Amino acid sequence: MLEQMLKQVRKEEPLVHVITNFVTVNDCANIILAAGGSPIMTSDIREVEEIVSISQALVLNIGSTDTADAMIVAGKRANERNCPVVFDPVAAGASQLRKGICEKLLKEIQFTVIRGNISEIKAIATGSRSAKGVDANATDAVTEENLESTVKLAKHLSARTGAVIVISGAVDIAADAAQAYVIRNGCQRMSRITGSGCMFTALIGAFCGANPSYPLAASAAAAAVIGISGELADKKTAEQGAGTSSFRNYLIDAVSNFTKEQFERGIHIETY
Amino acid sequence: MLEQMLKQVRKEEPLVHVITNFVTVNDCANIILAAGGSPIMTSDIREVEEIVSISQALVLNIGSTDTADAMIVAGKRANERNCPVVFDPVAAGASQLRKGICEKLLKEIQFTVIRGNISEIKAIATGSRSAKGVDANATDAVTEENLESTVKLAKHLSARTGAVIVISGAVDIAADAAQAYVIRNGCQRMSRITGSGCMFTALIGAFCGANPSYPLAASAAAAAVIGISGELADKKTAEQGAGTSSFRNYLIDAVSNFTKEQFERGIHIETY
Amino acid sequence: MLEQMLKQVRKEEPLVHVITNFVTVNDCANIILAAGGSPIMTSDIREVEEIVSISQALVLNIGSTDTADAMIVAGKRANERNCPVVFDPVAAGASQLRKGICEKLLKEIQFTVIRGNISEIKAIATGSRSAKGVDANATDAVTEENLESTVKLAKHLSARTGAVIVISGAVDIAADAAQAYVIRNGCQRMSRITGSGCMFTALIGAFCGANPSYPLAASAAAAAVIGISGELADKKTAEQGAGTSSFRNYLIDAVSNFTKEQFERGIHIETY
């Protein structure tokens, strides 16, 4: 079933409208293309309504704090059309400004999926502000000891927001109010490049665009695809004695070449 | 003759002023450098007039819809100086906003070259709005069947606008009112990365900057260089089992290492 | 001693707040991560004060001319906290606008380090405007003949501004009012990609963030690390017959894999 999600992205070639930050925008566009989707990255408030109207998914990434108004216009239009909206609360806990933007977006827009690292999700769930910039705080890290309570947090936040909650880290969690997947793919090098999180969110956008009725399965499949791709890229990087910039390329390469067999053999997933 | 165009870029090292979008700006700067030019990417309306005044070419890319006013100031100054102006009407048919910006720029600025995919050029020529976001609509694709009528469209649009028209796709067309080149280089992977089109336009900017009296030949030569580079990169990507992100690097690599021999052996060009 | 500077970056993992341009922002974030730091790239005036308050270093890069106001707010806050501020006067001599921004920033903010190419540093020091866009003017180039007078220029400018002055080029100079290092690492290919200078400045930010009491040694160490990494990347690029885009990746790769042995064996440094 999960493997079908990727197949569907390649078949549907969903147009994914992304309002995002200038740091990782190129990587986000390229990973959507690598998966089989078609990205359009505009944040101009004068056209976002029109662009959303022809798109299969909308991704909102508050790395760009100056486009919140365009996000609201785009998000409302997406909601009208039942077009999936994926939210990335980048550095949600790092400033009052971001806290305020998150609150406003959560109030105005019905999100389909919210993906963040554990510090960002906690900031959304509890208003805590423990982030270290854009990275998760080490003391927040999801471990085997706190996995169960973190899954519970995700389910509760899903019940409250109506959105699938994805918490990414050494272990990824994707949960709705009723059930959760725990995905144990990926590698440590993903935290040594900028954009791993943003690309993951963009990928969820493509997967939801092609599978709009299955946001939880689409998110879990996207987690598996980027996680396994990370492992393949990590192996290639180590074999070649390469470093973090090559790793980034190999990660996107792996998504572009992803096979059904890699999915089936590589995925480490449990339901919770 | 066409091969001279590249030689001239390396000799003149033209300063190319680019007003462009934030998605592919880094790739555009790097491909200009790879070809031998020197890029400067400012869109600040307070300085564009001054920057154009020291530049050998100006490239305007409406992926960034919020810099249209700066584009007009820069374009008018370029026209005064007889500095070539290359226009990329990104996603011209995708919104009313972009349609309006195109109309305004076409009215205010005399372009030297206009490069787009077939959907973008049709949007300019006929006001049609068939684009799928930033990509060409499949039903628009240039084929052997409609090649002659597409060449005719390009020549007519050139007569009307006074600009060389470049239509990029599986087959590239470069035409002025009197004659056209059809260039059959490139590869399918170019449509699987973001920025192929923007980089092509940036390259035309560098070629026109170094060869201001020959915009048609410069455009055709730029098409050959990026097309042959795409083929070389495609071959390397396949040999290495790599993917789309490595392909992007190999494409820019190939431009930076391009030889006279590669040009002469690789080019597939006809006049029409 | 200098090698300790890098060790300290990896140990402290400094949060580096960067206000920079959209052309090379991704490379800057990735090189900070490669060195062991944690980058955050916001320029929103509503949050920069708060972000600086949790950061170990601030980097201001005027490639983005539209964020000068945010730079002043951030810089003043950094000064209050004794948080190092590293300044990159990109294309300082290329327009009146940039000249004015530089003057204002120099008046309002006490910089810890200023890094530019020779044309940019001369623009700061003397108000001259000889730059060719973002690149140094060939007639300005630092040579063995004018090395001594250039070191003197750097020391004088340091005495006047209170900042360590770093002049990058074929030969790098790092100087305070009393002493200077001349670093002879790096390679010609660094000038064939966009962002070499911006990445160097970002790296100085990470090094100063982890070694706030030693801005001169931190700057010299950063020069050695990026220079030796450039040499390693250049060698790999040549061996593989690769080009400029692969070189960029190998440069960041080398920083991410940098060893104590590479530092000690590779560094070519003299005091002046």
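Every chain's residues receive numbers from 1 upward, in the order its sequence appears when written. Just so you know, chain letters begin at A and ligand numbers begin at 1, following the order they were written in. Only residues with pLDDT of at least 70 are given local features in this predicted model, and only at 80 or more are side-chain atom pairs given and counted; all residues enter the totals for whole chains, interfaces and linings. Values shown for side chains rest on all heavy atoms present in the structure; no hydrogens or waters enter the calculation.

Draft legend 1. The overall build of chain A, seen in detail. Numbering of helices and strands runs from the N terminus; a helix is a DSSP stretch of H or I covering at least four residues, while a strand is a stretch of E covering at least two. What chain A contains, in helices and strands, is 11 helices and 9 strands. Taking 19 Å as the expected radius of gyration for a compact globule of 272 residues, we find that chain A reaches 17 Å, a close match to that expectation. Taken along the three principal axes of its C-alpha coordinates, chain A extends 45 × 40 × 35 Å. Per-residue burial for chain A yields a buried fraction of 63% across its 272 residues. For the area figures, the Shrake-Rupley method with a 1.4 Å probe applies, and any residue is considered shielded solely by the protein chains shown. As displayed, chain A offers around 9300 Å² of accessible surface, 49% of which is attributable to carbon and sulfur atoms. Atoms counted for the radius of gyration: C-alpha only. Globule rule: 2.2 Å times residue count to the power 0.38. Three labels apply to residues, based on accessible area from a 1.4 Å probe with only protein chains included: buried if under 20% of the type maximum, exposed if over 50%, partly exposed otherwise in between.

Draft legend 2. A look at the relation of the copies chain C and chain B. Fitting of the copies onto one another was done by least squares over C-alpha atoms, counting residues only where both copies have pLDDT of at least 70. Each copy superposes on the other: chain C lies on chain B with an RMSD of 0.0 Å after a rotation of 120° and an axial shift of 0.0 Å. Accordingly, the operation relating the two chain copies is best matched by a three-fold axis. Every residue of chain C has its C-alpha some distance from the rotation axis, and the shortest such distance is that of F22 of chain C, at 3.6 Å. The contact criterion used is simple: two residues touch if any of their non-hydrogen atoms lie within 4.5 Å. Interface overlap between copies is the fraction of interface residues in one copy that are interface residues in the other; for chain C against chain B it is only 7%, indicating separate surfaces.

Draft legend 3. Looking closely at the interface of chain C and chain A. The partner chain A presents 29 residues to the 29 residues of chain C that form the contact. Note on chain C versus chain A: buried area summed over both sides is about 2300 Å², and carbon and sulfur give 45% of it. Accessible surface is computed with a 1.4 Å probe, and the buried area is the amount of it that two parts give up when combined, taken over both parts together. Sorting the residues of chain C by area buried against chain A places N26, L33 and E50 of chain C first, and these three jointly supply 20% of that buried surface. Here, a salt bridge means any side-chain nitrogen of Lys or Arg that lies within 4 Å of a carboxyl oxygen of Asp or Glu. Counting across the interface, chain C meets chain A through 1 salt bridge. Across the salt bridge formed by E47 of chain C and R98 of chain A, the nearest N and O atoms sit 2.7 Å from each other. For the purposes of these results, a polar contact is taken to be a pair of N or O atoms within 3.5 Å, where, inside protein, one atom must be able to donate a hydrogen and its partner to accept one; residues adjacent in sequence count only when each atom of the pair is a side-chain atom. At the boundary of chain C with chain A, the tally comes to 18 residue pairs in polar contact (both at pLDDT 80 or more). Those elements that place two or more of their residues in the side of chain C that touches chain A are α2 (25-35), β2 (38-40), α3 (48-53) and α10 (244-256) of chain C. When residues of the side of chain C that touches chain A are assigned to their parent elements, the largest contribution, 6 residues, is made by α2 of chain C. Class assignment for the residues of the side of chain C that touches chain A results in 13 nonpolar, 9 polar and 7 charged. Any residue outside Ala, Val, Leu, Ile, Met, Phe, Trp, Tyr, Cys, Pro, Asp, Glu, Lys and Arg is labelled polar, Gly included; the first ten of those are nonpolar and the last four are charged.

Draft legend 4. Focus on the packing of helix α9 (residues 215-239) of chain A against helix α10 (residues 244-256) of chain A. Residue and element names in this part refer to chain A. Every axis corresponds to a line fitted to the C-alpha atoms, with the helix fit spanning only the stretch in contact, and the corresponding angles, defined between N-to-C directions, vary from 0 to 180 degrees. Where α9 meets α10, the axes come as close as 8 Å, and the angle between the chain directions of the two elements is 130°. Taken together, the axis directions place α9 and α10 in an arrangement best described as oblique. Between α9 and α10 lies a crossing whose hand is right-handed. Residues V225, I226, S229, G230, L232, A233, D234, K236 and T237 of α9 touch α10, and the partners they reach there are F247, Y250, L251, A254 and V255. Each residue belonging to the contact of α9 with α10 can be placed in one class, and the counts come to 9 nonpolar, 3 polar and 2 charged. Our angle categories are set so that under 35 degrees counts as roughly parallel, over 145 as roughly antiparallel, 65 to 115 as roughly perpendicular, and the remainder as oblique. Note on convention: near helix rotated counterclockwise from far helix by under a right angle means a left-handed crossing. Clockwise means right-handed.

Draft legend 5. Quick peek at the interface of chain C and chain B. Each partner contributes to the interface: chain C provides 29 residues, whereas chain B provides 29 residues. Interface area for chain C against chain B, summed over the two sides, is near 2300 Å², with a carbon-plus-sulfur share of 45%. Linking chain C with chain B are 1 salt bridge, by the criterion used here. At the boundary of chain C and chain B, one finds 18 residue pairs in polar contact (both at pLDDT 80 or more). Per-element tally for the side of chain C that touches chain B: the top contributor is α10 of chain C, with 5 residues. Partitioning the side of chain C that touches chain B into residue classes produces 7 nonpolar, 14 polar and 8 charged.

Draft legend 6. Broad picture of empty space enclosed by the protein. Using protein atoms alone on a 1 Å grid, points that fit a 1.4 Å probe yet trap it form a cavity, whereas open point sets bounded by protein on both sides within 12 Å along at least five of seven lines form a pocket; residues with an atom within 4 Å of a point count as lining. Grid points are joined across faces, edges and corners, and a volume is the space filled by probe spheres set on the points. Using the criterion set out here, one finds 1 cavity of 30 Å³ or more in the structure. In this structure, the largest cavity occupies an estimated 150 Å³ of space. Lining the largest cavity are 18 residues; nearest its centre among them are V23 and N26 of chain A, V23 and N26 of chain B together with N26 of chain C. Put simply, the parts of the chain that give the lining of the largest cavity at least two residues each are α2 (25-35) of chain A, α2 (25-35) of chain B together with α2 of chain C. Residues of the lining of the largest cavity, tallied by class, amount to 9 nonpolar, 3 polar and 6 charged.

Draft legend 7. Fine view of the packing of helix α1 (residues 2-12) of chain A against α9 of chain A. Residues and elements named next belong to chain A. Remark: α1 packs on α9, axes separated minimally by 8 Å, with the N-to-C direction vectors making an angle of 85°. Relative to α9, the element α1 lies roughly perpendicular. Of the residues in α9, those in contact with L2, M5 and L6 of α1 are A217, A218, A220, A221 and V225.

Draft legend 8. Representation of the sheet that holds strand β2 (residues 38-40) of chain B. All names here are of chain B. Pairing within the open sheet is mixed, and its 9 strands lie in the order β2-β1-β3-β4-β5-β6-β7-β8-β9. With partners counted over all chains shown, the strands left at the sheet margins are β2 and β9 (269-271), one partner each. In this sheet, adjacent strand axes meet at a mean angle of 20° when their direction is disregarded. Strands pair, by our definition, only if DSSP identifies at least two bridges between them. Of the pairings in the sheet, the one linking strand β7 (residues 172-175) to strand β8 (residues 180-183) comprises 4 bridges and is antiparallel in character. Bridge pairing links D172 to I183 in β8. Against the sheet, α2 makes contact with β1 (15-19) and β2, and its axis sits at roughly 155° relative to β2, the strand it touches most.

Draft legend 9. Representation of the sheet that holds strand β2 (residues 38-40) of chain A. Residues and elements named next belong to chain A. Strand order in the open sheet made by the 9 strands is β2-β1-β3-β4-β5-β6-β7-β8-β9, with mixed pairing throughout. Both outer strands of the open sheet, β2 and β9 (269-271), are each paired with one neighbouring strand and no more. Geometrically, the sheet is characterised by an average inter-axis angle of 20° between neighbouring strands, direction not taken into account. Pairing between strand β6 (residues 164-168) and strand β7 (residues 172-175): 3 bridges, direction antiparallel. The partner of V166 across the bridge, within β7, is A174. Across the sheet, α2 is in contact with β1 (15-19) and β2; its angle to β2 comes to roughly 155°.

Draft legend 10. Expanded view of the relation of the copies chain C and chain A. At an RMSD of 0.0 Å, chain C and chain A line up after a rotation of 120° and a shift of 0.0 Å along the axis. A share of only 7% of interface residues in chain C that are also interface residues in chain A marks the association as one of differing surfaces.

Draft legend 11. Region of interest: the packing of aromatic side chains. Residue and element names in this part refer to chain C. Between 30 and 60 degrees the pair is tilted, below 30 it is stacked and above 60 it is edge-to-face, where a pair is any two Phe, Tyr or Trp rings, Trp via its six-membered ring, whose centres lie within 6.5 Å. For the structure on display, the rule yields 6 aromatic pairs over all chains. When the centroid spacing of 4.5 Å and the interplanar angle of 5° are considered together, the rings of F87 and F111 count as stacked. Of the two residues, F87 sits in strand β4 (residues 85-88) while F111 sits in the loop between α5 (96-108) and β5 (113-117), which places them 24 residues apart along the sequence. The exposure class of F111 is buried, given its relative accessible area of 3%. In this scheme, the term charge over a ring applies when either NZ of a lysine or CZ of an arginine sits within 6 Å of the ring centre and within 35 degrees of the ring normal. Over the ring of Y250 we find K236; its NZ or CZ atom is 4.5 Å from the centre of that ring.

Draft legend 12. Looking closely at the pairing of strand β4 (residues 85-88) of chain A. All names here are of chain A. Residues V85 and F87 line one face of β4 and the alternating positions V86 and D88 line the opposite face, and both faces are buried. Inspection of the sheet shows strand β3 (residues 57-61) paired to β4 by 4 bridges, in the parallel sense. Looking at β4, one finds that L58 is bridged to V85. A clockwise path from the first strand over the helix to the second, with the strands pointing away from the viewer, defines a right-handed crossover. With helix α4 (residues 68-81) bridging β3 and its parallel neighbour β4, the resulting β-α-β unit is right-handed. Once you follow β4 into helix α5 (residues 96-108) and on to strand β5 (residues 113-117), the crossover reads as right-handed.

Everything listed here is a matter of coordinates, which is why it stays silent on function.
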